[in-house]
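# Commentary on secondary and tertiary structure
Chain by chain, the residues:
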Amino acid sequence: MEETVNRQLPVAEFERLAAASDQLSNNMDTALLGLVGEVGSLVSALKKKRRDTDGFLGYHDAVLEEFGDVLWYVSAVARRGGTSLSDAVAREINTAQNATKATLGELAPSLEDGFHESAFERALLELAGEAGDLAKRFVGSAYLDNVDALRGDLVKFLRPLGRAATAAEVSLDEAGWKNIAKTQGRWPTERKFPPLFDEGLHVDEQLPRLLRVEIYEREVNGKKFVFQKSGGILLGDRLTDNHLPEDDYRFHDVFHLAYAAVLGWSPTTRALLKIKRKSLPKIDENEDGARASLIEEGLATWIFETAKRHQFFANTPQLGLDLLKAVKNFVRGYEAEQLPLWLWERGILQGYAVFRELQVYRRGIVTVDLNRREVRFERWPEEP
């Protein structure tokens, strides 16, 4: 998505895109719970800033994201109540123009004296109170067949939201655009694979579009190791878990193969296959180099510790947004940061599906298919 810092965002456009990514139930209570929770997260960000001062890194980015999430949930509440955020915004800014022309940025009053933390705090406390009132009045059936009541309370909610954004020097237009980029990356209206990073390069510098890798466990001198082989050639070192108690991390190279197959990204796999992009010196050094491989290894290890607590995602049809956002932060500054969240989810879950098969059978053939953007497991042929 193009640069959003100074780009206006019509409220109607924000609502249209937010609705496209709305995976909540149709009940307003779920949307209200989300709204109250996001206001709480906004308050929490200020609390952490005061507690940790400069130790709270990324404060502005965190606040910007929370404002965007609040806007998303306000839109969800309005939609379920039979009204719209556009109408509420138009009423709040008293615009005589068509409601569809109002922008999110118009909610925030002009900044005169720079950032005032006390003003931010007061506005947030008022915002929290308005969120509580919305929830209380919903429980009391105040909005049952009464759209005007809900619309009026949403207008009251938007006032401290705008003042808080002004005090925090946050652009609500930018917050909205970033929220749309995040939600579209997680729940896109159309799941279209992005181009492979090595597309157009010589085949010698491309990840193989179709690769079969034998992965098997074998005992050597009384100790079990996992080996990888492709085309009769061993790939990399033999592996153990390097962990007590044992947890089968010895099969973890399948995650790198899954990243290669689904994401088209895996510095580790490139190193194993000796197919770095040497014709592009900066890419070779920075994207295919040792540091990038360490990032990938660290990411695989970190996800593994989470997966262990959830039966290696055996009963997890989709991953939480927080985990996927953390993955994106892990690869920040590398080409993999460009990949959408839904594709990361696909790669991670497919990798763990193959990993669980290897846990059971202890050997198998893994097909890395970049043409179909998938990784597959095949049982080892039975010996005659």
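Our structure's up above, just so we're on the same page.
By convention here, each chain's residues receive numbers from 1 onward along its written sequence. Note on the predicted model: pLDDT of at least 70 is required for a residue's local features to be given, and 80 or more for side-chain atom pairs to be given and counted; whole-chain, interface and lining totals, by contrast, use all residues. Note: side-chain values were computed over all heavy atoms of the structure, leaving out hydrogens and water.

Only the stretch in contact is used when a helix axis is fitted, and all axes are lines through C-alpha atoms; the angle between N-to-C directions ranges over 0 to 180 degrees. The helix and strand labels rest on DSSP assignments: H or I over at least four residues marks a helix, E over at least two residues marks a strand, and numbering proceeds from the N terminus. Contact geometry for helix H1 (residues 11-20) and helix H7 (residues 172-186): axes closest at 9 Å, N-to-C directions at 20°. By the angle between their directions, the pair H1 and H7 is classed as roughly parallel. In the packing of H1 onto H7, the handedness of the crossing is left-handed. Every residue of H7 that contacts H1 at Phe14, Leu17, Ala18 and Ala20 is listed here: Gly176, Asn179, Ile180 and Gln184. Orientation categories follow fixed angle ranges, with anything under 35 degrees roughly parallel, anything over 145 roughly antiparallel, 65 to 115 roughly perpendicular, and all other angles oblique. Crossing handedness: left-handed means the near helix sits turned counterclockwise from the far one by under a right angle, and right-handed means the same turn made clockwise. Two residues form a contact once any of their heavy atoms are found within 4.5 Å.

This paragraph deals with the sheet that holds strand E5 (residues 374-379). The antiparallel open sheet is built from five strands, whose spatial order is E3-E2-E1-E4-E5. The strands lining the two open edges of the sheet, one partner per strand, are strand E3 (233-234) and E5. Here, strands pair whenever DSSP counts at least two bridges between them. Looking at chain direction, strand E4 (residues 363-369) and E5 are connected through six bridges and run antiparallel. Directly across from threonine 367, in E5, lies its bridge partner arginine 376. Contacting strand E1 (210-220), E4 and E5, helix H13 (residues 341-361) crosses the sheet at an angle of about 10° to E5.

This next bit is on the pairing of E4. Here E4 lies mainly inside the structure; six of its seven residues are buried. With seven bridges connecting them, E1 and E4 associate as antiparallel partners. Among the inter-strand pairings, glutamate 214 is bridged to a residue of E4, identified as isoleucine 365. Hairpin geometry of E4 and E5 is characterised by an intervening segment of four residues between the two adjacent antiparallel strands and by a positive phi of about 55° at arginine 373. Each residue is placed in one exposure class: buried if its accessible area under a 1.4 Å probe, protein chains only, is under 20% of its type's maximum, exposed if it is over 50%, and partly exposed if it falls in between.

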